[in-house]
Amino acid sequence: MPPTADFSAIPVLDLARGEAALAGDLHRAATDVGFFYLKAHGVPRSVIDAMFAAAHDFFGQSLEQKQLMHVDDRHRGFLRVGEAKMYKGAKPDLKESYLYGNDLPESDPDVLADRPLMGPNRWPADLPQMKVAADAYYAAIHQCG
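Attention here is on the structure that accompanies the text. Computed from a predicted model, the values in this text were never measured in an experiment.

## Focus: helix H5 (residues 128-144)
In a regular helix each residue adds 1.5 Å, so 17 residues correspond to 24 Å; H5 covers 25 Å between its end C-alpha atoms and thus fits that length. The elements touched by buried residues of H5 are helix H2 (45-59) and strand E4 (97-99).

## Thoughts on H2
The end-to-end C-alpha separation of H2 is 21 Å, in line with the 21 Å expected for 15 residues at 1.5 Å each. What H2 keeps buried is the set Val47, Ile48, Met51, Ala54 and Phe58. An end-on view of H2 places all buried positions within 130 degrees of arc, on one side of the element. Seen from the open side of H2, the exposed residues pointing more than 90 degrees away from its buried face are Arg45, Ser46, Phe52 and His56.

## Considerations on a nonpolar patch on the surface
On the surface, a nonpolar cluster with roughly 390 Å² of combined accessible area is contributed by Ile10, Val12, Phe35 and Tyr37. Note on placement: Ile10 falls in the segment before strand E1 (12-14).

## Considering the layout of surface pockets
Computed from the structure, the largest pocket encloses a volume of approximately 400 Å³. Taken together, Leu38, His41, Val43, Arg45, Ile48, Met51, Phe52, Tyr100, Tyr137, Tyr138, Ile141 and Cys144 make up the full set of residues lining the largest pocket. Elements represented by at least two residues in the lining of the largest pocket include exactly H2 and H5. Among the residues forming the lining of the largest pocket, the class breakdown is 10 nonpolar, one polar and one charged.

## With respect to unusual backbone geometry
In this structure, Ala40 is a non-glycine residue whose phi angle is positive, near 60 degrees. In this fold, Ala40 is placed in the loop between strand E2 (37-39) and H2. Taking relative accessible area as the criterion, Ala40 reaches 47% and is therefore assigned partly exposed. The phi dihedral of Leu117 falls on the positive side, at around 65 degrees, and the residue is not glycine. Within the secondary structure, Leu117 is located in the loop between helix H4 (109-112) and H5. Overall, the relative accessible area of 52% leaves Leu117 in the exposed class.

## Thoughts on the packing of H2 against H5
It is the contact of H2 with H5, at a shortest axis distance of 9 Å, that shows an interaxial angle of 140 degrees. Between H2 and H5, the angle falls in the class oblique. Between H2 and H5 lies a crossing whose hand is left-handed. In contact with Val47, Ile48, Ala50, Met51, Ala54, Asp57 and Phe58 of H2, H5 contributes Gln129, Met130, Ala133, Ala134, Ala136, Tyr137 and Ala140.

Each value, and the rule that gives it
- Residue positions are counted from 1 within each chain, in the order its sequence is given.
- Confidence filtering applies because this is a predicted model: local features only for residues at pLDDT of at least 70, side-chain atom pairs given and counted only at 80 or more, and all residues used for totals across whole chains, interfaces and linings.
- With hydrogens and water set aside, each side-chain value is computed from the structure's full complement of heavy atoms.
- Secondary structure elements follow DSSP: runs of H or I of four or more residues count as helices, runs of E of two or more count as strands, with numbering from the N terminus.
- In this analysis, the expected span of each helix is defined as 1.5 Å times one less than the number of residues it contains.
- Here a residue-residue contact requires only that any non-hydrogen atoms of the pair lie within 4.5 Å.
- Exposure categories follow from relative accessible area, calculated using a 1.4 Å probe and restricted to protein chains: below 20% of the type maximum is buried, above 50% is exposed, and the middle band is partly exposed.
- By arc we mean the arc of the directions from the helix axis to the C-beta atoms, nothing more.
- Surface patches are defined over residues having more than 30% relative accessible area and no salt bridge, joining like charges when they lie within 9 Å and nonpolar side chains (Val, Leu, Ile, Met, Phe, Trp, Tyr) when within 5 Å.
- In these tables, accessible area is a Shrake-Rupley quantity obtained with a 1.4 Å probe, and a residue counts as shielded only by the protein chains included in the view.
- By convention in these notes, a salt bridge is any Lys or Arg side-chain nitrogen within 4 Å of a carboxyl oxygen on Asp or Glu.
- Grid points spaced at 1 Å over the protein atoms alone were grouped into cavities, where a 1.4 Å probe fits but cannot get out, and pockets, open sets with protein on both sides within 12 Å along at least five of seven lines, with lining residues defined by an atom within 4 Å of a point.
- Grid points are joined across faces, edges and corners, and a volume is the space filled by probe spheres set on the points.
- Amino acid classes used here: Ala, Val, Leu, Ile, Met, Phe, Trp, Tyr, Cys and Pro are nonpolar; Asp, Glu, Lys and Arg are charged; the rest, including Gly, are polar.
- Axis lines are fitted through C-alpha atoms, for helices just across the contact stretch, and the angle between N-to-C directions can take any value from 0 to 180 degrees.
- Should an angle lie under 35 degrees it is considered roughly parallel, over 145 roughly antiparallel, and from 65 to 115 roughly perpendicular; all remaining angles are considered oblique.
- For any pair of crossing helices, the crossing counts as left-handed if the nearer helix is rotated counterclockwise from the farther one by less than a right angle, and right-handed if it is rotated clockwise.

Given below as C-alpha cells:
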C-alpha cells in the first residue's frame, strides 16, 4: 500500500519561473503530493475549452453508449465508475475515464513488439470532434512537457 500524503493544498507551479527555479518545487509536488496545478503552461484556452466540450459530449451519453468504447487490452477507451484501480487491494476510483495516449499505428515497432500501453487510440465514430479536440490537446500538453 502506498504511503499517504500529508498536504493542505494542491501545489501551483508557475512555469514562467523557468526550469532551474521550478525544479525543486516540481520534485516536492510530484513526490510529496503526487499531482499539481500548472500556471503559465502555454496551452491555449481554446484548446482546453474544446477538450472540455468533447469530454462533456462523450460523458453525457448513456452508459450503454459509452460501454461501446470499453477499454481495450492496450489501455485505450472508456472505464466506468469503479473500474480504475491503481494497485491490487486499492479502493476503486469514483470517476469515469477515457484513456488515450501517444497514437501509434499497428505497424509501429513498439506495437508489433506488443509493448504495454502502446498502440492506436480509439474514438467513438459518432463524436468525430472528440478525436480532433483530444489530438490538439495532447499535442499542446506534449509541447508543454
